[in-house]
Amino acid sequence: MPGQHVTDCQTRLYMKSRHTSAPAVAAAKAGFSRATGYRVEVDPRLPSQKKPPRGRRRPDPLAGVWISDIVPMLEAAPGIRAVAVFGEIVRRHPELGEGVRRTLERRIRTWRALNGPEQEVIFRQQHPPGRMGLSDFTDMADLSITIAGEPLDHRLYHFRLAFSGFEHAGVVLGGESFVALAEGLQNALWALGGVPEQHRSDSLSAAFRNLAPDAQADLTQRYEALCAHYGMTPTRNNPGVAHENGSIESPHGHLKKVIEDELLLRGSRDFADLAAYRCFIDEVVGRRNARLRKQIEIERVVLRELPERRTADWEEARVIVTSSGGFILRKVFYTVPSRLIGHWLNVRLYDDRLVCFLGSTEVATLRRGRSPDHNKRAQVVDYRHVIHALRRKPMALLNLVYRDQLFPRAAYARAFEALLAGVGDRSACRTMVGLLALAHDRACEAELADAIAADLDAGRLPDLDRLRERFLPDAASIPEVVVELAPLSLYDELATVTTPAPILEVAA
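What you see is a predicted model; the values in this text were computed from it and never measured.

Definitions and limits used
- Residues numbered from 1 in each chain as written.
- Predicted model: local features only at pLDDT ≥ 70, side-chain atom pairs only at ≥ 80, totals over all residues.
- Heavy atoms only, no water.
- Helix = DSSP H or I, 4+ residues; strand = E, 2+ residues; numbered from the N terminus.
- Contact = heavy atoms within 4.5 Å.
- Areas by Shrake-Rupley, 256 points an atom, 1.4 Å probe, with all protein chains shown as cover.
- Phe/Tyr/Trp six-rings, centres within 6.5 Å; stacked < 30°, edge-to-face > 60°.
- Buried < 20%, exposed > 50% of the residue type's maximum accessible area, 1.4 Å probe, protein only.
- Pairing = 2+ DSSP bridges.
- Core = buried A, V, L, I, M, F, W, Y, C linked by side-chain atoms within 4.5 Å.
- Patch = residues over 30% accessible without salt bridge, like charges linked within 9 Å, V, L, I, M, F, W, Y side chains within 5 Å.
- Salt bridge = Lys/Arg side-chain N within 4 Å of Asp/Glu carboxyl O.
- Lys, Arg positive; Asp, Glu negative; His and termini not counted.
- Charge placed at Lys NZ, Arg CZ, Asp CG, Glu CD.
- Axes fitted to C-alpha atoms, helices over the stretch in contact; angles between N-to-C directions.
- Polar contact = N/O pair within 3.5 Å; in protein donor to acceptor, adjacent residues only side chain to side chain.
- Parallel < 35°, antiparallel > 145°, perpendicular 65-115°, else oblique.
- Nonpolar A, V, L, I, M, F, W, Y, C, P; charged D, E, K, R; others polar.

Draft legend 1. Broad picture of the overall build of the chain. Scanning the chain from terminus to terminus reveals 20 helices and 15 strands. Sequence-distant contacts in the chain: of pairs separated by 6 or more residues, those separated by 24 or more amount to 63%. Only carbon and sulfur atoms are counted for the fraction: they give 53% of the accessible area of the chain, which is about 31100 Å².

Spelled out as C-alpha cells, the structure:
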C-alpha cells in the first residue's frame, strides 16, 4: 500500500527473490505490496541508506578553540589526558564553562582514533597443555589480615598453569626473594605432581634490588639451576610490561576477590596463628582447583615427571653463638638454647623460619625476623632460651636490650609496666621473672596471660603465689591396692597330682 514502511531486511529479501521471480511475487515473499516493489525497482537502496544525515542541533561550542588551541596541544603532547586539556582550555577561555567537558572528551577520543599515534597491540596466545607455568607475587595489604590481633604484612606467591588454570598460593612474609620463589615454586610442582616445559616469571627486580653485581649474577645462576633441576626452561617477561605475564597477572585480581568474599563469609579477618591463615588460603585455592578438575587432569597427562627429590630452597649462613645466648644474622639477633654458646651453627634461611644445625644435627627452628630498615637491628627472642639464667639474675630484666621482645604476649608486657609502677624495680623484676618461669614450667603461657589480663583489668597486680597455686599440676591420686594372701594349704593342693584312671578298651 502507499506509504508502507519497508525494512532493510525486507528490501534484501525482495532483491534476492527478483533473481527468480516477477516483481509481484517477490513483493509478496518480502511481505509488502506490489506498488512498493515497483518503487524498490526504481531505487534499490536500503531504507537506512535513504535517510539524510542528521545535522547539528546546536552550535559547536569548541568551534573557536579546536583548531587554534586544542589540536596543537594534542600534537605537541600525544599522551596528555583529556581532563588536563579541559582545565587548560577553561583557564584560557572561561566563557566555555564546565558544560563542554564531555563534548571535549568525545572530540579528543575521535581525533586520536583518526590522527593519533599507533597503539601497542596485544597478541593473544594459545597455550597447549603442559607447556607453561607462571609465577608472581601479589601484595595482600588491602585485605587487612591480622594474626592474633596483630596486622600481618605479607604477600602471596602465586603459581598458575596457563592451559588448565591450576593454581597454588603460599603466604610470603619477607617480600619477593629467590628463597620465597624457590620454596613456593617447588611446593606448587609437588602439589601438582608434574613439571611444565617452561616457567615464566617477571624480571625478579624485587629480588635483585639492593644487590651487588656479583650477588645478582649468583642469584641468576641459582634461579637457572633451580629450573634445570626440574627440567624447565626459564623465561621472563620484559620489565614493566605486565601483560606479557597476563596469564598470572589477571588471575591475581580474581584470586584476591575470592579471598575477600571468603573473609566476608567467615565474618572475621583475624586468625589464631599463621598456620590457620595458611590453611584458609589452601582451602580457598583447593576449591578453585576443584572446579577445573577435568582440565587439570588433561594437562597432568602431558606434564613431565618430578625429579627424585627437591632442590635447595634456602640460603645458607654460618654463625657463632655468643655469650649473649644468641647470634646476629642480617642485623637480627636470635636467641638459641644457651648450651650452644661458643659453637658455630650452620643456618638455613627460609622465607619464614631459620633452621639451625650443629654439624649435621638440627638443634633449633626459629621464626625469621627482619630489620625494619638498614640502620636498625631487630630481635627474635624466645624467653624459654634464657629463663633459667634470668632466675639467677632477675634484675637483668630491668634494662635488658631485648626486654620488649622477651615477653611472649601483650599481657606480660602490661604486667611488667604495672609492677614497675606499683612495687618498685626489684620486686617487679622478681615477680615478672617468676611469671615467665611459671609459663615455661607449667606450659601455660596462654592461660596465664588470660589470668594476668583479668587481674590488670580488675585493677589488681598479678599475685605470683596465687597464680602458682592456680596452675599447680593436678595431684595424682594413688589407688589403694588390697592384696589378699592365699592360705598355704592351696599350695599343698597344687602339689598334689591326680592320676587319671586308665581307660579300658573293650574288644568288639
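Draft legend 2. The arrangement of the packing of aromatic side chains in detail. In this structure the tally under the stated criterion is 8 aromatic pairs. Taken together, a centroid distance of 5.6 Å and an interplanar angle of 65° make the contact between Phe-137 and Tyr-157 edge-to-face. Taken as a pair, Phe-137 in strand β1 (residues 132–139) and Tyr-157 in strand β4 (residues 155–161) lie far apart in primary sequence, 20 residues in all. The buried category is assigned to Tyr-157, whose relative accessible area is 1%. A connected cluster of aromatic rings, assembled from ring pairs, spans Phe-271, Tyr-277 and Phe-280.

Draft legend 3. Spotlight on the pairing of strand β14 (residues 361–367). Examined bridge by bridge, strand β13 (residues 353–358) and β14 share 6 bridges and lie antiparallel to one another. The residue of β14 that forms the bridge with Arg-353 is Arg-367. A loop of 2 residues connects β13 with β14, the two strands running antiparallel in sequence, and Gly-359 in this loop sits at a positive phi of about 70°.

Draft legend 4. Molecular detail of the nonpolar core. Judged by nonpolar contacts, the single largest core of 35 residues is most densely connected at Leu-406, Tyr-412, Met-432, Leu-436, Leu-448, Ile-452 and Leu-467. Breaking this core down by element, the ones donating at least two residues are α14 (383–392), α16 (410–423), α17 (425–442), α18 (445–457) and α19 (464–470). Here this core gets 9 residues from one element, more than from any other, and that element is α17. Dropping the residues within four chain positions of it, Leu-448 is found in contact with Tyr-412, Leu-435, Leu-438, Ala-439, Leu-467 and Phe-471. Membership of the second largest hydrophobic core comes to 23 residues, among which are Tyr-157, Leu-185, Ala-188 and Leu-226.

Draft legend 5. Quick look at a positive patch on the surface. A surface patch of positive charge is lined by Arg-54, Arg-56, Arg-57, Arg-58 and Arg-106. Locating Arg-106 in the fold gives a position in helix α7 (residues 101–115). Overall, Arg-106 belongs to the exposed group, its relative accessible area being 54%.

Draft legend 6. Molecular detail of the sheet that holds β13. Across the sheet, which stays open at both edges, the 4 strands sit in the order β9-β12-β13-β14 with antiparallel pairing between neighbours. Only two strands of the sheet have a single partner each, and these edge strands are β9 (315–320) and β14. Neighbour-to-neighbour, the strand axes of the sheet open up by a mean angle of 25°, direction not taken into account.

Draft legend 7. Structural context of unusual backbone geometry. Here the phi dihedral of Ser-144 falls at roughly 55°; this positive angle occurs in a residue that is not glycine. Mapping Ser-144 onto the fold places it in the loop between β1 and β2 (146–147). Of note in the backbone geometry, Arg-330 takes a positive phi value of approximately 55° without being a glycine. With respect to the element layout, Arg-330 can be found in the loop between β10 (326–329) and β11 (332–335).

Draft legend 8. Structural detail: α14. Within the sequence span of α14, burial applies to Tyr-383, His-385, Val-386, Ile-387 and Leu-390. Buried residues in α14 make contact with β11, β14, α15 (403–406), α17 and α18. At the N-terminal end of α14, a side-chain oxygen is found 3.0 Å from the backbone nitrogen of Arg-384, two or three residues along, and the residue is Asp-382.

Draft legend 9. Fine view of the sheet that holds β2. Read from one edge to the other, the open sheet built from 3 strands follows the order β3-β2-β8, with strand pairing classed as mixed. Each of the sheet's edge strands pairs with one partner strand only, and the pair in question is β3 (150–151) and β8 (270–271).

Draft legend 10. Just the pairing of β1, in detail. When you tally the buried positions in β1, you get 7 out of 8 residues, the bulk of the element. Here β1 runs beside strand β6 (residues 198–201); their pairing, made up of 3 bridges, is parallel. In the sheet register, Gly-133 faces β6, and the bridge partner there is His-199. As judged from the 7 bridges shared by β1 and β4, these two strands associate in the antiparallel manner. Paired with Asp-139 across the two strands is Arg-155, which belongs to β4.

Draft legend 11. A look at the pattern of salt bridges. Evaluation of the coordinates by the stated rule reveals 29 salt bridges. In this structure, the salt-bridge partner of Arg-300 is Glu-297, at a minimum N-O distance of 2.9 Å. Of the two residues, Arg-300 and Glu-297 both sit in helix α13 (residues 293–302), 3 residues apart, roughly one turn of that helix. For Arg-466, the salt bridge identified is with Asp-455, shortest N-O distance 2.6 Å. With Arg-466 in helix α19 and Asp-455 in helix α18, the pair connects residues that are 11 residues apart, well separated along the chain. Bridged by salt links that share partners, the residues Asp-69, Glu-88, Arg-91 and Arg-92 form one connected network.

Draft legend 12. View of a nonpolar patch on the surface. Among the surface-exposed residues, Leu-488, Leu-490, Tyr-491 and Leu-494 lie close enough to one another that they form a single nonpolar patch of about 490 Å² accessible area. As for its placement among the helices and strands, Tyr-491 is situated in helix α20 (residues 488–495).

Draft legend 13. Up close: the packing of helix α2 (residues 23–30) against helix α3 (residues 34–42). The geometry of α2 relative to α3 is characterised by a closest axis approach of 8 Å and an angle of 105° between their N-to-C directions. Here α3 runs roughly perpendicular to α2, going by the angle between their axes. For the pair formed by α2 and α3, the contact residues are Pro-23, Ala-24 and Ala-27 on the first element and Arg-34, Gly-37, Tyr-38 and Glu-41 on the second. Broken down by class, the residue content of the contact of α2 with α3 amounts to 4 nonpolar, 1 polar and 2 charged.

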